[in-house]
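Breakdown of the fold
Residue strings, one per chain:
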Amino acid sequence: MDRSHFSPETQMLGYGYEPALSEGSVKCPIFQTSTFVFHSAEEGKSFFEMAYGRPGHEGEVPGLIYSRINNPGMEILEERLKLWDGGEACAAFSSGMSAIATTLFTFLSPGDVLLYSNPVYGGTHKFINNILTQFGIEVIGFRAGQSKKEVEEILVQSGHAGKLKMIYVETPANPTNDLIDIALCSEIAKKYSDVEKNVLVAVDNTYMGPLWQHPLKHGADLVLYSATKYIGGHSDVIAGAAVGSGELISKIKKTRTFFGTMIDPHTSWLLLRSLETLKLRMEAAAMNAEKVADFLSAHPRVEKIYYLGYTGKNNPVQQDIYEKQYLSNGAMLSFDILGGEKQAFTFLNNLRHIKLAVSLGGTESLAEHPATMTHVDIPDEEKELYHISPKMIRLSIGVENYQDLIWDISQALEKVQVPLAKPAEFI
Ligand SMILES: *Cc1c(COP(=O)(O)O)cnc(C)c1O
C-alpha cells in the first residue's frame, strides 16, 4: 500500500510493519533475541556478504543476522523516525551520547578539524574537548549569536581552516535557547569542501525535533537526537538516533556495528509506542510552556526569560533565524531568578509538583540548575560568556494542566527572599 501521502503522525501507527509476518499481531512484537536462524548456509553467506559491503549485492538489503547488526524492532523504529525529518535513513542508538560519539568517530580522523557551537549539552562538550582531542582531532568552538564573518575568522585564525571536516551545531542551545543559523553553517561547510572532502554539518535537534525544526531542509547533512527526551517522552528510556542520507547513515551503521552502540529490542519497542503520541505530547507541552512563560514574564522575582517565543524582543538577527527555522516555541524555557544561587535553590527546593531532576522532554515537568548540574563541567569564564549564571533555572514543561504548573511555580517563587523587586526583562 502506498502510504507516502500520509502525515508522519499517521505513519507512526503502522509504517514499516507487516502484521502477517508476526502472526497478525496488531503491534510490532518485541524481538527479544540476540541471533536469527538462516534458512540455509547459502543464505547466511549472502547476508554476511551484504552486511560487510562485499560486491555482487548492490541494492540488496541483508536479512536478519544478529541483533548488534539488525533487529526488526530497531529497523521499523528507524523507518518511522526518519519520516519527521524527511531523511532517507536513520540509525537508532543506545543513547544520545552514543549517537553523537559514533557519528563523530565515523567522520573524523586524526588531523581533522571539528568546528562546534557553544553552549552545547554538557556531555557533548566533554566528549568533544576531552575525548576527541585524545585522538588528534582539533576542536574549535564558536558561540551561538556570532555572525558568519566572526565564525569564519575564528576558523581562519586557528591556522587549520583547510582541515575543517565537520561543523557540529546544537540549536536552540541548551540551556539558553540561543539560535544558530543552520543554512549559514552549511554555506561555510560548502566553502571548505572540495573534491577530496565533503565538510559535513551535523545538528543536535533534541530540543525541537523531530516536529519543530527540520535541519536537513536548511542544508544540514545529519540530524542527531537524544531519543531519551521528546521522542521517548516518558523519562523511562535512554536512547538516541541519527538521521540523514542513505550514504551517510550506512557509514554510521558500520561504525555502530563495531562499537556495539545500537539500541536494544525492548527500548526499540518502547520508542515505537512513544512515537504514536509524539505529536500530541509535544503540542500539549508547547501550549503549557507558553502559559508558563507568560506567567514568569510578569513576575517581579524573575529577571530574564530564555524562551523561543520571546526571541525577537530585542534581537533582530535571532528573530530572523527563528522565523526561518522554527515551527513552534517549544516547551523548554530557562529563567534568571532575582538574586543568585541561594534564591535559585530555594525555588527548586520548594517546588511541590515539578520534580527537581535533569533531563527534559518527558510528560512530567522537570526543573534543574544548569550552572551546578547539567553544565557544571563548563569552565566558569565560558559559563559567564553563555549567560549560564547561578541565578538560572531550566524548566522542561510537560503535559499537566498548566494551571497546576503555574500554581506550583508561583508558590515556590513566593518562598524566595529577594531584597528588591524589579521588572522582568526579555531577551
Ligand atoms: C540529553 C541530551 C544529550 C545526551 O543524550 P543521552 O540520551 O542522555 O545520552 C545530547 N544532546 C542534548 C541536547 C541532550 O539534551
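Above this text is the structure in question.
A brief report on the enclosed structure follows. Since the structure is predicted, the reported quantities are computational estimates derived from the model, not experimental observations. (Residues numbered from 1 in each chain as written. Predicted model: local features only at pLDDT ≥ 70, side-chain atom pairs only at ≥ 80, totals over all residues. Heavy atoms only, no water.)

What follows covers the pairing of strand β2 (residues 113-118). The element β2 is extensively covered by neighbouring structure, given that six of its six residues are classed as buried. In β2, alternate side chains face the same way, and those of V113, L115 and S117 on one face and L114, Y116 and N118 on the other are all buried. In this structure, β2 lies alongside strand β3 (residues 138-143), joined through six bridges in parallel fashion. From the neighbouring strand, L115 faces β3, where its bridge partner is I140. Taken together, β2, helix α5 (residues 122-131) and β3 form a β-α-β motif whose crossover is right-handed. (Buried < 20%, exposed > 50% of the residue type's maximum accessible area, 1.4 Å probe, protein only. Helix = DSSP H or I, 4+ residues; strand = E, 2+ residues; numbered from the N terminus. Pairing = 2+ DSSP bridges. Right-handed = clockwise from strand over helix to strand, strands pointing away.)

Let us look at the layout of surface pockets. In this structure, the largest pocket occupies an estimated 970 Å³ of space. Contributing to the lining of the largest pocket are 34 residues, with M50, V61, P62, S250 and K253 lying nearest its centre. Looking at the lining of the largest pocket, the elements with two or more residues in it are α2 (41-51), α3 (72-85), β1 (89-93) and α8 (246-259). If you tally residues by element for the lining of the largest pocket, the top one is α8, at eight residues. Per-class residue counts for the lining of the largest pocket are 13 nonpolar, nine polar and 12 charged. Approximately 520 Å³ is the volume found for the second largest pocket. Contributing to the lining of the second largest pocket are 34 residues, with A144, G145, D178, N315 and Q318 lying nearest its centre. (1 Å grid on protein atoms, 1.4 Å probe; cavity = no way out; pocket = protein on both sides within 12 Å on 5 of 7 lines; lining within 4 Å. Points joined across faces, edges and corners; volume = space filled by probe spheres on them. Nonpolar A, V, L, I, M, F, W, Y, C, P; charged D, E, K, R; others polar.)

Moving on to helix α4 (residues 96-107). Along its 12 residues, α4 runs 17 Å from first to last C-alpha, staying within 8% of the 16 Å computed at 1.5 Å per residue. Most of α4 sits inside the fold, with nine of its 12 residues counted as buried. Among the residues making up α4, those that are buried are G96, S98, A99, I100, A101, T102, T103, L104 and F107. Among the residues of α4, the N-terminal cap falls to S95, whose side-chain oxygen and the backbone nitrogen of M97 are separated by 3.4 Å. (Expected span 1.5 Å × (residues − 1). Polar contact = N/O pair within 3.5 Å; in protein donor to acceptor, adjacent residues only side chain to side chain.)

On to the nonpolar core, then. Among the nonpolar cores identified, the biggest contains 68 residues, and L296, F335, F347 and L395 are the most heavily contacted of them. Judged by nonpolar contacts, the second largest core, of 27 residues, contains F93, L104, V120 and L222. (Core = buried A, V, L, I, M, F, W, Y, C linked by side-chain atoms within 4.5 Å.)

Moving on to the site of the ligand. Close to the ligand lie 13 residues; M97, D204, S226, T228 and K229 are nearest. Backbone polar atom of G96 to an oxygen atom of the ligand: 2.9 Å apart, as the coordinates give it. Note that an oxygen atom of the ligand is positioned 2.6 Å from one of the side-chain N or O atoms of T228. Out of a free accessible area of 380 Å², the ligand has 93% covered by protein chains. Residues belonging to the shell around the ligand are distributed by class as follows: five nonpolar, five polar and three charged. (Near = heavy atom within 4 Å. Areas by Shrake-Rupley, 256 points an atom, 1.4 Å probe, with all protein chains shown as cover.)

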